Structure formats: C-alpha cells, structure tokens
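# An overview of the molecular structure
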Amino acid sequence: MYAYDEFDRQIVRERVAQFASQVERRLDGSLTDEEFRPLRLKNGLYLQLHAYMLRVAIPYGALSARQLRQMALIAETYDRGYGHFTTRQNLQYNWPKLRDTPAILGLLADVDMHAIQTSGNCIRNTTTDCFAGAAFDEIEDPRPTAEWIRQWSTLHPEFDWLGRKFKIAVTASRQDRAVLKGHDVGVRIVRDADGETGYQIYIGGGLGRTPMEGKLIREFLPRAELLDYLEAILRVYNLEGRRDNKYKARIKILVHEIGLEKIRADVEAEYASIVAASPKADLREFHRIQAAFDAPEFADLPEVSRKLEQAQANDPDLALFVEHNLFRHKHKGYASLTISLKGIGQAPGDANAAQMRAVADLAEKYSFNELRVSHKQNLVLPHVRLDDVAEIFAVLKAHDLATANAELITDIICCPGLDYCALATARSIPLAQKLSRHFGDAATQKDIGELSIKISGCINACGHHHIGNIGILGLEKKGAESYQITIGGDAGDQFAIGELLGPGLPETHVPEALDKLIAVYRRERRQGETFIETYRRIGLAPYKTAFKEIADAFA
Amino acid sequence: MAAVKRPPLPVILVANDLVEGEVLFAANNGWTRDVRAARVASDEAAALELEQFGAAQASESKVVDAYLVDVEIEAGVPVPRHYRERLRTLGPSHRLDLGKQAEFHI
C-alpha cells in the first residue's frame, strides 16, 4: 500500500491545526455560521438531521488493518459505536460533536487519514474497483493511478472552488466494477496495439437529478500525459461550466449543452497549451508511487484447495458463502473475499466497532494487512488463501458478517436517507431492511440470482437508484413518503439508466411491486439468463404491465 | 418589507445546538432536547417571539439553523405535522436505541 511521506503528513497535520483553530473561532463567536459553513465542509463536516456528520476519505477504498482499528476507536470514543460505509468508498460518522472534530481528525492523521475534500465543490475521493490489485482480469493494479490523481488533486489551488463537485473513477479491468460512466471523469487503464499502457478517458457521466452516461472523449492517452490531460478537462470545466444554477453546474450539463465534439476540441486545445508551456511530462512520480504498491509475496499454491472443498462438503452455509462471496484472484490458490455489510434486515453499509476490529484482525492475519471498501458498501479482503476461507468464515459468522449475498437481491445499495440526511425527501434504510427480509430466504435469493436493488432517499441519487436493475427513489407525495420504481439500470459495461415504471407507491406496497417484476423474470427467463439480461431481451412493456396491476390497485 | 412567510400555527422553534449538533426545541426558558417540553406558539405574536429568540441565539453562536415548525397538539404534546420534522424529534427510525426516542422513551 502507499505510505504517506513527510509531505503528505505535513499537509494533513497542518490542516488539522488549521481546522482546530477555525472550530475555536466558531465556538467563541468570532466566525459566523455563514463564514464557518464552507470551512467545515472543506473538512468533511456536515450538519445533518439529528447531529453533525463527519465523512472520512478512504482513498480508492483501500485501508490497512491499523487504519480500520483507528476508525473503530473513533466510533467508540467520539460516536455511537458504529460507522457507515458509503457508495464513494468513504466512511461516515453520524454523531460527532463539533468540539470533538479536531481530536477526531488528529486520530485520523495518526494513521495517515483525513477528511479533506470529502465535501464541497472540489475534486472528491478518486474511486476504483474494489478488487484492485487482486482481480484476475485487470491489466495492472489501478491504485497507483488513483493515488497519482489523489496527489495531484489534493489542495490543487486552481480547482479548490469549482462550480460544483467533481468525481473521478479508475478501473483497469475489462469488466467495469467502478461505475466509470457514472462519473464526471472515468479513467480506464488500457493497452494499445503496441502493448503500451495508457488511458481511455470518459467524460460527463453522472447520476443525481439529471442522470447522464459518460462519453468517450479520448480513445488512448499515453500514461505520462494523464495529469496534464485531466488538468485540461478541469480547466475547461472550471471556465466554461455554469455557475448560475447549482443543478446545472456539473460537467455533465456542460458536455450535454455544448456537445462532445466541442468539449473535446476545447480540451485538446487547452491540453496543447499546457504541453507547450510546461516541461515534458515524465513518469518519475508515477513510478515512485507504483513502487509503493508492490504486490504482496504470494505463495505458489495449487489452483484448487482440497481443504476448502472438504470443509464445504461438511458445511452447506460455507458452501453458499464460497459460491457467492469469493471473487477470482489473479494468483492461483487465492481469492478476494467480500464481507457483506448487508446482513438480512440490517442497515446497508453499517459496521460497528467490534465488527471493524474483527475485520482488521482478519486482514492482518489472512490478507497481507489489506482491505478494500466497495462502492456497493461492503468490505473486501483482497488476497486470501482458499485454504484459509473456512477459518475466515467462522470468524465472520461469530460477528454477524458472514451473509452469503454478494451480487444477490439483498446486496442492496442504500443511502442514509431521511433517517440521517438533511437533504433527503424520504427514508431509504427501513425500506432496504424490509426488502432484505422479504427476499432474505437463501433459496429465494439463489433462484432470483444476480439482481441489484439500489435505493436513494432523494433525487441526488447517492444510492445510485438510476443504475440499479431495480432502482427505488424516495420522494414526498402529498405529505407522505412515496417510492418511484425504475427498471433496467446497469452500473457496468452495458451502462444504462433505468426506466420509470409508473407512479410512486407507499413503502408498504414496494415489496409486492417487486414480486410482480420478479415474477415476469421467472416466467420469461431463458436458461442461465440473469434478471437484467431477460429485461434487455424482452424490453420494458411486460414489466410495465405487471407494475400497473399494483399501481392501479393502490391508486 | 414583505411579510415573513411562516408555517401555519401552532408552531414550535427547532434548531441545532452549535457545539453538539443535537436538535433543540425552544422551551419556556431556554432550550430543551425533549419536544414534549417545547414552547408552543399559538398566535402570531408568540410565533414572532420564538423567531426572534432563535435569531438572537443564532447570533450569539448558541444554535444554528433555527426555524419554526408547524405542529398539532396530540395528548397535550406538540407533534410536527411533517414526517421529516417528526423524525427530528425522535431519531433514526431504524435505530430505536439511538436519539431522543431512546433517551426520553418517546
């Protein structure tokens, strides 16, 4: 993993001291609320429905055991004993006190962490594939590129006050597991015909109130040119993007309004002027970073683990876990193991301090001290030996973390919604819990197979509802919570925005509506076809007809 | 000056404590964390008084985001009409062990 050098440490320590002074001045009244608000947001501190909320950056979702233990300590000392992992691979504390936040930031700095740029109109945490550094299908580990972008974007003076927030995702695999086309900029690591490694760049994607699919702006960018090219994109956006209306200020709107060809021409012109004015870009810094991500010393193991096979034969629960929660590793005899934070009936993405410590211990003992946070709000042990999976499973089971549901219908993405969030228009967690229980039976889940439900409690779409195979958006309708349902969204390579099925329903009727949609799938599916594949083949109409029965009954 | 738009009466005053972040309600004397002890304004004059109290407390850096919330009186206790504000008087609905609902057994 990348380790902070003296400059990284100094930046973070200075920032903690600066924020501590700002908090003091706010508490003694010398800063007004208007003056203080943008300062606290620059440090990830929000004021939510019941309390403050602190969002901690987890760069590209990578954590060490020590870091996760520190997060557990903070949860116990300064919060209510738990944290919430988000769709941007970060962690949120829901109950910190303003006067304690400098101390919390100090504890984070002790383990090379911070909350800088987790809010505000700046470049946010760069996200990546949760199996980064381990996935069988990656060209290379995408984390060095993500770290390179992190260093470039941290406190970048030109991009500190953009028109709106800016999110970048990186992947190095053919299969997109980082929602590239749902980001302001998506970076795909590719090789050209000569075998040179470089980047394919997507621009103008996003969810929120105006969902847009990212568009390919550059087919191949040589590696050394990445930061200058990103600089050109940000500069064009910063100059040309709208600032008159915050809902039209993201780069997706600029791309939509002026068109891909025009923005491509503008970016290339800006890029040419950057190149002409600066020394030739080189890869020294990239190589320095890359060296810090050296792959662990993997053992030479047989492809199949007899030990695990025998354990599975004796334990059907373990067999189910292996079937769903292991992901193919690039090294024989290893796997990446998903720790579901979606226990049946639980709040998606929440983990308590004891669970965090248990996972940290597992990472230390079995996964080269490494962990990942996924945008699906789960944790990942990236490098475990197949031989060790049964032991890991036993520990997970003892901590209520052994739910075998990765990629299944109960692996629900869900924003905090109106149970915490000041922006929300409806609750989302109770509905996620209800659906989890409704579909929680193992046999039911197995029969339905791969199906993503994504729930947002408002139009800002933190719960990625647009790109759920089934998306649910909580709104207010006539003074009550109401849930709109979409179908056909896809977060991956066949990126798609879901289609609205009809009018919103009260929470009580959502499970039945989903039953109807799944009944269509069960009726129409061909051998081996997933929910989304059947939808793509047969189209919206049959689902709409099925949905109408519910909508009419409750209209 | 245009008339300030206020929610329909009766109302209570809600704010966040600056230091703790916790939701507070204006009481007969200062602030309370328990909505059942909130001062209810049933006429324009009382609502204005609440509003002025909130503004003064905000300028003294005691609270932030003070605003009036319309309520119904149920069993002698103010209950916000809107579900969002009802949640603020209680806590997260999926964690009954947290928030005011746990502390005050509401």
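Bear in mind the structure is a predicted one, so any value in this text is a computation, not a measurement.

Right, let's get into the overall build of chain A. Helix and strand counts for chain A stand at 18 helices and 20 strands. For chain A, the C-alpha radius of gyration of 23 Å lies close to 24 Å, the compact-globule estimate for 555 residues. By principal-axis analysis of the C-alpha atoms, chain A measures approximately 60 × 60 × 60 Å. Within chain A, buried positions represent 61% of all 555 residues. Pairs at least 24 apart in sequence give 67% of the contacts found in chain A among residues at least 6 apart. Working note: accessible area of chain A is about 21300 Å², and carbon and sulfur atoms make up 50% of it. Taking the 70 positively charged and 76 negatively charged side chains of chain A as two groups, their mean positions are separated by 4 Å.

Within chain B one finds 3 helices and 5 strands. The C-alpha radius of gyration of chain B comes to 13 Å, within 12% of the 13 Å expected for a compact globule of 106 residues. With respect to the principal axes defined by its C-alpha atoms, chain B has extents near 45 × 30 × 25 Å. Looking at chain B as a whole, 46% of its 106 residues are labelled buried. Taking as baseline every contact in chain B between residues at least 6 positions apart, the subset at least 24 positions apart corresponds to 54%. For chain B, the computed accessible surface area is about 5200 Å², with 54% contributed by carbon and sulfur atoms. Counting 12 positive and 16 negative side-chain charges, chain B places the averaged centre of each group 3 Å from the other.

Attention now moves to the pattern of salt bridges. All names here are of chain A. Within the structure shown, the criterion is met by 59 salt bridges over all chains. For E138, the salt bridge goes to K330, with nearest N and O atoms at 2.8 Å. Residue E138 is located in the loop between β6 (127-128) and α5 (143-153), and its partner K330 is located in the loop between β11 (326-328) and β12 (334-339); the two are separated by 192 residues in the primary sequence. The class for E138 is buried, based on a relative accessible area of 9%. Of the residues examined, K330 reaches a relative accessible area of 37% and is grouped as partly exposed. Note that K262 and D266 form a salt bridge whose closest N and O atoms lie 2.9 Å from each other. Residue K262 and its partner D266 are both found in helix α8 (residues 260-277); the two are separated by 4 residues, about one turn of the helix. Linked through salt bridges whose partners overlap, the residues forming this network are D141, R143, E370 and R372.

Residue and element names in this part refer to chain A. The positions that UniProt labels "domain: Nitrite/sulphite reductase 4Fe-4S" (unreviewed entry) are, in the present scheme, residues 119-271 and 410-547. Along residues 119-271 one finds 30% helix and 18% strand; the C-alpha atoms at either end are 28 Å apart. In this annotation, residues 410-547 is assigned 34% helix and 17% strand; the end-to-end C-alpha distance for the span is 21 Å.

This part takes up the side chain of N125 of chain A. Residues and elements named next belong to chain A. Secondary-structure assignment places N125 in the loop between α4 (101-110) and β6. Its relative accessible area of 9% is what places N125 among the buried residues. Reaching out from N125, the side chain makes a polar contact with the backbone oxygen of I58 at a distance of 2.8 Å. With near-sequence residues (within four places) excluded, N125 lies in contact with I58, P59, Y60, R88, Q89, N90, Q117 and I168.

Right, let's get into the sheet that holds strand β20 (residues 499-500) of chain A. Residues and elements named next belong to chain A. If you trace the 5 strands from one edge of the open sheet to the other, you get β16-β17-β18-β19-β20, paired in mixed fashion. Looking at strand neighbours, the two that pair on one side only are β16 (413-414) and β20, the edges of this open sheet. Where strand β17 (residues 453-456) lies against strand β18 (residues 470-477), 4 bridges are found, and the strand directions are parallel. Of the residues in β18, the one forming a bridge with I455 is I472. Contacting β16, β17, β18 and β19 (480-487), helix α14 (residues 429-438) crosses the sheet at an angle of about 160° to β17.

Side chains of a nonpolar character, in soluble globular proteins, are inclined to be buried together. Residue and element names in this part refer to chain A. Core analysis: the biggest nonpolar cluster contains 105 residues, and F166, I201 and L337 have the highest contact counts within it. Here this core gets 9 residues from one element, more than from any other, and that element is helix α6 (residues 226-240). Apart from residues no more than four positions distant in its own chain, L337 is found in contact with F321, N325, L326, L379, V380, L381, V384, V389, I392 and L396.

Residue and element names in this part refer to chain B. Here L13 is to be found in strand β1 (residues 11-17). For the pair L13 and V69, spaced 56 residues apart in sequence, the C-alpha to C-alpha distance is 6.2 Å. In this view, L13 contacts L24, F25, A26, W31, L50, F53, G54, A66, Y67 and L68; residues no more than four positions away in its chain are not counted.

Residue and element names in this part refer to chain A. In this structure, the second largest pocket occupies an estimated 830 Å³ of space. For the second largest pocket, the lining is made up of 39 residues, of which Q175, R177, K376, E407 and E450 are closest to its centre. Residue assignment for the lining of the second largest pocket shows that the elements contributing at least two residues are α11 (316-325), β11, β17 and α17 (531-538). Among the elements that make up the lining of the second largest pocket, the one with the highest residue count is α17 (3 residues). Split by residue class, the lining of the second largest pocket holds 14 nonpolar, 14 polar and 11 charged.

So, on to the domain arrangement of chain A. Residue and element names in this part refer to chain A. Each assigned domain of chain A is listed with its residue range as follows: domain 1 (6-110), domain 2 (142-292), domain 3 (321-398) and domain 4 (413-554). Relative placement of domain 2 and domain 4: their C-alpha centres are 31 Å apart. Contacts between domain 2 and domain 4 engage 13 residues on the former and 11 residues on the latter. Buried surface at the junction of domain 2 and domain 4, both sides included, amounts to about 1100 Å², of which 64% is carbon and sulfur.

A few words now on the packing of aromatic side chains. Each aromatic ring pair is summarised here by two numbers: the centre-to-centre distance and the angle between the ring planes. Residue and element names in this part refer to chain A. Taken as a whole and judged by the stated rule, the model has 18 aromatic pairs over all chains. When the centroid spacing of 6.1 Å and the interplanar angle of 15° are considered together, the rings of F19 and F36 count as stacked. Taken together, the positions of F19 in helix α1 (residues 6-27) and F36 in helix α2 (residues 33-41) put the pair 17 residues apart, joining distant regions of the chain. Per residue, the accessibility class of F19 equals that of F36, and both read buried. Taking 5.5 Å as the distance between ring centres and 45° as the angle between the ring planes, the aromatic pair formed by F166 and Y237 counts as tilted.

In total, this model carries 5 cavities of 30 Å³ or more according to the counting rule given. When its volume is computed, the largest cavity comes out at roughly 110 Å³.

What counts as what
Residues numbered from 1 in each chain as written. Chains lettered and ligands numbered in written order. Predicted model: local features only at pLDDT ≥ 70, side-chain atom pairs only at ≥ 80, totals over all residues. Heavy atoms only, no water. Helix = DSSP H or I, 4+ residues; strand = E, 2+ residues; numbered from the N terminus. Rg over C-alpha atoms; globule rule 2.2 N^0.38 Å. Buried < 20%, exposed > 50% of the residue type's maximum accessible area, 1.4 Å probe, protein only. Contact = heavy atoms within 4.5 Å. Areas by Shrake-Rupley, 256 points an atom, 1.4 Å probe, with all protein chains shown as cover. Lys, Arg positive; Asp, Glu negative; His and termini not counted. Charge placed at Lys NZ, Arg CZ, Asp CG, Glu CD. Salt bridge = Lys/Arg side-chain N within 4 Å of Asp/Glu carboxyl O. UniProt positions renumbered as here; feature names shortened; annotations may be inferred. Polar contact = N/O pair within 3.5 Å; in protein donor to acceptor, adjacent residues only side chain to side chain. Pairing = 2+ DSSP bridges. Axes fitted to C-alpha atoms, helices over the stretch in contact; angles between N-to-C directions. Core = buried A, V, L, I, M, F, W, Y, C linked by side-chain atoms within 4.5 Å. 1 Å grid on protein atoms, 1.4 Å probe; cavity = no way out; pocket = protein on both sides within 12 Å on 5 of 7 lines; lining within 4 Å. Points joined across faces, edges and corners; volume = space filled by probe spheres on them. Nonpolar A, V, L, I, M, F, W, Y, C, P; charged D, E, K, R; others polar. Domains from an automatic or database assignment. Buried area = accessible area lost by both parts, 1.4 Å probe. Phe/Tyr/Trp six-rings, centres within 6.5 Å; stacked < 30°, edge-to-face > 60°.

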